[in-house]
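Each chain, written out:
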Amino acid sequence: MSMELQIPLLWVTVLAPPLLAILFKLLTLEHRNTRLLSYLTAFILLIPAFISVYYLGIKRVSFVKDPIVLNLTDYGIGYFMLVIDGVSLPIVLGISIVTALVSVYSIKYMEHRIDELRRERVEAPGIYAYYILYNAFSSSMLGMAYSTNLIEFFIFLEISLITSFALIAYYGYGDRLRIALMYFVWTHIGGALFLVGILFYGVNTGGFDIIGMDLSYNRVYADLDLRGLAILAPISILLGLMIKMAIIGVHMWLPYAHAEAPTPVSALLSPNLIGIAGYAIARFSIILFPEFMVSIKSILVILSFATIIYGGFVALRQNDFKRFLAYSSISQMGYILLGVSTLTYFGVAGAMIHYLSHAIGKAVLFMISGVFITEVRGLRDMNLMGGLARVYPAMASLALIGFMHLSGIPPTVGLWGELLILIGLVQAYNPASKIDLITIAIAVISAFIITAVYSFIAMRRIFFGRVRVTGVFENIDQFKVTILILGVSGVVFFLMIGLIILPLRDAVGYLLEPIIR
Amino acid sequence: MRVMAEYESLFPWIFSWLAPFIGSFIIALGLLARVRDERFYGYTSVFSILVSAIIASYASYKVLSEGRVIYSGGDIIWIPWINVTLGTYFDGLSAIMSLIVSWVSLLIAVYSIKYMEGDWGYGRYFFFFTFFVGSMLLLVLADNFILMFIGWEGTGLCSYALISHWYTDEEDKWVGKPGRYALGFPMFFEPTHSGVRAILFTRVGDLGLLLGIVILYALTGTFNIVELVNKAPEWLEPLASKGILSLLLITLTLGALAKSAQFPFHEWLVTAMTGPTPISALIHAATMVKAGIYLFLRLTPILLSGALLVHGEVSSLVTQELYNYFLVVAVIGALTAFMLASMALVSDEIKLILAYSTASQIGYMFLGAASAGLLVHTLKPEIIAEGLIAGLSHLASHAVFKAALFLVAGWLIHVAHSRFIDPMGGYAKYMRLTALSLWLAGLSLAGLPPLSGFFSKELVIHISSHAAPLLSGLAILTAMLTAAYTIRLVLRVLHLPPYEAGVRHKPGEAPSVMLTPYLVLAIASLAIGLSWPIASNIYMRAAELTLALGVGYEASVSLSTLTLIVVSAITATIATVYIVYYVIKLNFSELIAKNRLSRVIYDFLYDRWLINPAIYAIFKNGGLRVANTALDIDESIDYTYHKLTPSIGSIIANYIRGVHRGRTDYYITLYIVSAVLIILLALIAIR
């Protein structure tokens, strides 16, 4: 059963935020209206969260569709639709909630950052320019999650890359121009590879629709002959997405970009944007090239474990809080890839839930790092931290919740992602002998424990021990309330996971139909 | 036997574990609202645990008197797809367990109200305390592995938070002798270090547990423990025929071993002493470490009665695999019991001695229950019941006397202003009731009849003597060591003069809010022992009503040769220690200082058999080495992409740029050469 909205709310959430920011820029010159702008933005960005939970979770429809459809069949492209289904439900939730709260969080942070830049005699564009870019960035990520067409997805992807590039270049830290360029080049290599792959596919099959007008998957892979050079198409798509996702080996751009971006942007880049690549692998690669995915399943699983463990170990040796979080994101992407590459219902569903839990947990942690940057004189070196819990008790509690999301400790939604991924893994590789069992046990325990190890050691380094900063105290303002709401939402999702898991099960079942028959 | 489920309504049974969670939620709101009144936190906690305790008592009464299991909410699905229900399951085992957990926790909570007075983390303390109790009750009462795992992780999290409660790491909150190193690794631990150790050590086991649960789910399609009993052949057979049954069970039991601080995971528990003393009491007596042995007690009947259901060729395979599994657990249990008891002999920190004894006593519980498993080939359900009762009754006795001991220790540390026993001494004349409590609880730990500790310990030794005589010999030896270190501690603290001058305040009796809890517990430990015929009857009844068991075992102690050996061994030890320590007043430190061999032994025991340095050398240093290598690799990847590639690019660019020299003759020459080349190529192409 599908549900077509009466009003084009999904297009509104994609188009309205940037337009609103442009309008504010044109109409008002006073900066005091940023508060209003951020509230309005947050409100609009939250719409998809409510729509998706209401229709998919409570009403149990399988698709929510926007009434406006762009017909580009004349150009051989297909239809541009905006749709939410069970697979994209956790993704939409994650993007919607995090972008909305970070939008409010940005006010204080960006005012501070722009002041700071001004003191450094750097002429950065003002706060409205920031919001134009930020809103376009947020909306484009929602667009990616709604996309039903490969070209449509690619356009949104490009918008997100360009806006985030500009945000890093204008407001970033350190050698921001070089890092922004590095980010731009890397992600565009990924983007170009993805584009090559989908063009090959689209030109050969006569369309780029993943989900057709009748809301069924467009499964024309059977017509596609993947012998010879054509095998490069799925590889190219996968490689492109893996660069976006920062899988081990092609991850090197991420620590720079995510550590040096302005913190609200890091809070979006790190969990939301890169995770979408994992979603795209589930959505596109599985639909387009099921046999290819089955054939490289084990390679992907090994790669995922390598990413989790490698990212975790490198994170252990980081001293910069944000760079530490960036490496932790690499490690977390391993979990998402692991879930997807098991090619089981549970694994793919677990990966999607892990996207949500990582979005919440990592955004909380980045936002907390931003609190110290704004309030404790730019503090981000973990060697200089310690004892911060005494000064910032609420932030310490929230950071613990953030780390619990990453390590999958209840009562946070992280447990469900971890559990489902593990079920998927065991279903895909059911141990048949002692050696199997030992291999799986060692892989799982060492991969999952490394997350807990870096989480709790970092927790100790940052928050515990003797108090080393002076002259600051925790003032619970709107800036910090956003973090509180986000952290609590992770606990709420833990309790209300039933609303997400059922639509997810059905949609994943539909998605994996050709593989599990 | 097949278990039929009849569901009762969700209320009031769900509040048996939900009440503390609600309590901790209210406390969290209070913390957010910055409520300053300490009473708000303490009373909310006590009240919510009291609700649990009342419901648990009512449920236990109902279960034991009506002789049927209470299963509520097994049809209320919380998480669809994986069918996680909100089931609360009171059978014989979980009823007794919930009774112990809730009442002992309640007494400790009351004690904490006074003990923690004026602490800067008062609200946070009670938040985690209450959450801890809720998690433990959830773990005990859950009808499915997922709910149980949530409780399981909750206890891990709360223990982490409470062990590192004083997270500013002042030296008086450390554990171990500051400045002492073994093999280059520090043997003293700050609270936050201990906290990290606690959560990481146990998390390794938790992941094994989770993996085990998930593998069982993949086979049976259910997380429900009751259904797992009915489906026992379905998962026992394939696992046994693949030859992975014992290995899988060990993976699953890793969680239990880690939580219950069995070798080699015991290290987290002994450094967990950095938390406030009531937390030590809570962790050791009511929650956390009891979780592991509880899971094992839960599993044993399921496995063994499942083995009775398997027929045909696989049957012997299943039996053999189960035997191997139980042998591993029994050996670990006996080894831990002995190892930790030997460490307690030389320790000079009061809480550390008690901590060693906890891991040691839990070793007994594992040994007792696993011994039933070693007798799997007898195919007698009564044996399973005997093992279960041995484990459970010792768990109960231990909960009561260990809580009392820790609460007394909390007061003594407060009086002496030191966690070491050397500045303590001669307290008997200042605090009679505290001294009485310490004596009662200590003798119960030592296993002297007629205290409850004697009966339960005797049960363990009895069943293990049938299953594995060698291990039961070790258990008797451990019982002697236990008696020795306990009596030494009691004499040292209560009757001998202080060994070393410490801060001398006027010692006195504890305030009644603190005194009452431990006095009650100490007397209870005597009362349970005196009324052993009644108590053993309750245990028998509980075993009859335990999931997958349905058979009881008469747990009264008969006067056998073994009993005589045990009693005389313990009594002789107590007498020897009394004479050596109190009458002759042998100076051990001189002895150790003079004799080289005794020095080596002393150091070996004091440094906990050097297990901690070994773990640190392998995992901490090894991990750091891997991390450094990974960092090096990362830097070289960084260099390759962002330095090497661009510089190669710029070198190539320089060469190509060399073509454009800006000289006309040069360009004309190039133009002609290229034109000729193109024409030639075109000609070839046309032909």
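Described below are features of the structure shown in this document. Nothing here was measured: the structure is a model prediction, and the numbers come from that model. (Residues numbered from 1 in each chain as written. Chains lettered and ligands numbered in written order. Predicted model: local features only at pLDDT ≥ 70, side-chain atom pairs only at ≥ 80, totals over all residues.)

## Here we look at the overall build of chain B
Thinking step 1. Within chain B, the secondary structure is distributed over 25 helices and six strands.
Thinking step 2. Considering only C-alpha atoms, chain B reaches an extent of 115 × 65 × 55 Å along its principal axes.
Thinking step 3. Expressed as a percentage of the 687 residues in chain B, the buried residues total 57%.
Thinking step 4. Taking as baseline every contact in chain B between residues at least 6 positions apart, the subset at least 24 positions apart corresponds to 81%. (Helix = DSSP H or I, 4+ residues; strand = E, 2+ residues; numbered from the N terminus. Buried ≥ 20, exposed ≤ 12 C-beta atoms within 10 Å, placed from the backbone. Contact = placed C-beta atoms within 7 Å.)

## A closer look at the overall build of chain A
Thinking step 1. Helix and strand content of chain A: 19 helices and five strands.
Thinking step 2. For a compact globule of 517 residues, the expected C-alpha radius of gyration is about 24 Å, and chain A comes in at 22 Å, within 12% of that figure.
Thinking step 3. Residue burial in chain A is summarised as follows: out of 517 residues, 63% are buried.
Thinking step 4. Restricting the contact set of chain A to residue pairs at least 6 apart, pairs at least 24 apart contribute 81%. (Rg over C-alpha atoms; globule rule 2.2 N^0.38 Å.)

## Focus: the interface of chain B and chain A
Thinking step 1. Across the boundary between the two partners, chain B contributes 42 residues, which contact 41 residues of chain A.
Thinking step 2. Of all the secondary structure elements, the ones that give two or more residues to the side of chain B that touches chain A are β2 (77-79), α5 (145-163), α6 (191-220), α9 (245-259) and α24 (611-657) of chain B.
Thinking step 3. Its residues assigned to classes, the side of chain B that touches chain A comprises 27 nonpolar, nine polar and six charged. (Nonpolar A, V, L, I, M, F, W, Y, C, P; charged D, E, K, R; others polar.)

## Regarding helix α18 (residues 469-495) of chain B
Thinking step 1. End to end, α18 of chain B covers 38 Å across 27 residues, agreeing with the expected 39 Å (1.5 Å per residue, within 8%).
Thinking step 2. Of all 27 residues in α18 of chain B, 19 are buried, a share of seventy percent or more. (Expected span 1.5 Å × (residues − 1).)

## Remarks on the packing of helix α5 (residues 150-171) of chain A against helix α9 (residues 263-288) of chain A
Residue and element names in this part refer to chain A.
Thinking step 1. In contact at an axis separation of 12 Å, α5 and α9 are set at 160 degrees when each is read in the N-to-C sense. When the axes of α5 and α9 are compared, the pair comes out roughly antiparallel. Note that α5 runs across α9; the crossing there is left-handed. On α9, the residues touching L150, F153, S160, S164, L167 and I168 of α5 are V265, L269, L273, A280 and F284.
Thinking step 2. Looking at the contact of α5 with α9, its residues break down into nine nonpolar, two polar and no charged. (Axes fitted to C-alpha atoms, helices over the stretch in contact; angles between N-to-C directions. Parallel < 35°, antiparallel > 145°, perpendicular 65-115°, else oblique. Left-handed = near helix turned anticlockwise from the far one by under 90°.)

## So, the sheet that holds strand β5 (residues 83-85) of chain A
Strand pairing in a sheet relies on backbone hydrogen bonds, with the paired strands running either antiparallel or parallel.
Residue and element names in this part refer to chain A.
Thinking step 1. Strand order in the open sheet formed by three strands is β1-β2-β5, with mixed pairing between adjacent strands. On the outer flanks of this sheet lie β1 (2-4) and β5, each paired with one strand and no other. Ignoring which end each strand starts from, the neighbouring axes of this sheet average 15 degrees apart.
Thinking step 2. Looking at chain direction, strand β2 (residues 63-65) and β5 are connected through three bridges and run antiparallel. Across the sheet, residue V64 finds its bridge partner in β5, namely I84. (Pairing = 2+ DSSP bridges.)

## Brief notes about the nonpolar core
Thinking step 1. With 464 residues, the main nonpolar core has V98 of chain A together with A403 and A404 of chain B as its most contacted residues.
Thinking step 2. The element contributing the most residues to this core is helix α15 (residues 381-416) of chain B, with 23 residues.
Thinking step 3. Once you skip the residues sitting within four places of it in the chain, A404 of chain B turns out to touch S437, A441, Y518, L521, A522 and S525 of chain B. (Core = buried A, V, L, I, M, F, W, Y, C linked by C-beta atoms within 7 Å.)

## Section: the environment of H112 of chain A
Thinking step 1. Tracing the sequence through the fold places H112 of chain A in helix α3 (residues 89-119).
Thinking step 2. Expressed as a C-alpha distance, the spacing of H112 of chain A and T374 of chain A, which sit 262 residues apart in the sequence, is 6.6 Å.

## Topic: the environment of G172 of chain A
Residues and elements named next belong to chain A.
Thinking step 1. Topologically, G172 is positioned in the loop between α5 and α6 (176-205).
Thinking step 2. Using a count of 26 C-beta atoms within 10 Å as the deciding quantity, one classes G172 as buried.
Thinking step 3. In this structure, the C-alpha to C-alpha distance between G172 and V265, residues 93 residues apart in sequence, is 9.1 Å.
Thinking step 4. Excluding residues that lie within four positions of it along the chain, G172 makes contacts with I179, A180, E260, A261 and P262.

## Things to note about the packing of helix α13 (residues 345-375) of chain A against helix α19 (residues 497-511) of chain A
Residues and elements named next belong to chain A.
Thinking step 1. Running from amino to carboxyl end, α13 crosses α19 at an angle of 130 degrees, the nearest separation of the two axes being 9 Å. In terms of their interaxial angle, α13 and α19 are classed as oblique. The hand of the α13/α19 crossing is right-handed. From α13, Y345, V348, A349, M352 and I353 reach across to α19, where they touch I500, L504, R505, V508, G509 and L511.
Thinking step 2. When the residues that make up the contact of α13 with α19 are grouped by side-chain class, the tally is nine nonpolar, one polar and one charged.

## What about unusual backbone geometry?
Residues and elements named next belong to chain B.
Thinking step 1. Cis peptide bonds are those with omega within 30 degrees of zero, and the linkage from F263 to P264 qualifies with 0 degrees.
Thinking step 2. Mapped onto the fold, P264 is located in the loop between α9 and α10 (267-271).
Thinking step 3. At the junction of P449 and P450, the peptide bond is cis and its omega measures out at 5 degrees in the coordinates.
Thinking step 4. Looking at the element boundaries, P450 is found in the loop between α16 (432-446) and α17 (452-467).
Thinking step 5. Its identity is not glycine, yet M288 carries a phi of approximately 55 degrees, on the positive side.

## Observations concerning helix α1 (residues 15-32) of chain B
Side chains that are three or four residues apart share a direction in an α-helix, a result of its 3.6 residues per turn.
Residues and elements named next belong to chain B.
Thinking step 1. The end-to-end C-alpha separation of α1 is 24 Å, in line with the 26 Å expected for 18 residues at 1.5 Å each.
Thinking step 2. All of the buried residues along α1 are F15, S16, W17, L18, A19, P20, F21, G23, S24 and I27.
Thinking step 3. On its buried face, α1 is in contact with α2 (38-66), β4 (88-90), α3 (92-115) and α4 (122-141).
Thinking step 4. One or two positions beyond α1, positive phi appears at R34, with a value near 55 degrees.

## Considering the environment of H311 of chain B
Thinking step 1. Relative to the helices and strands, H311 of chain B is located in the loop between α12 (289-309) and α13 (314-346).
Thinking step 2. Along the primary structure H311 of chain B and L327 of chain B are separated by 16 residues, whereas in three dimensions their C-alpha atoms are 23 Å apart.

These values are about where atoms sit, not about what they do.
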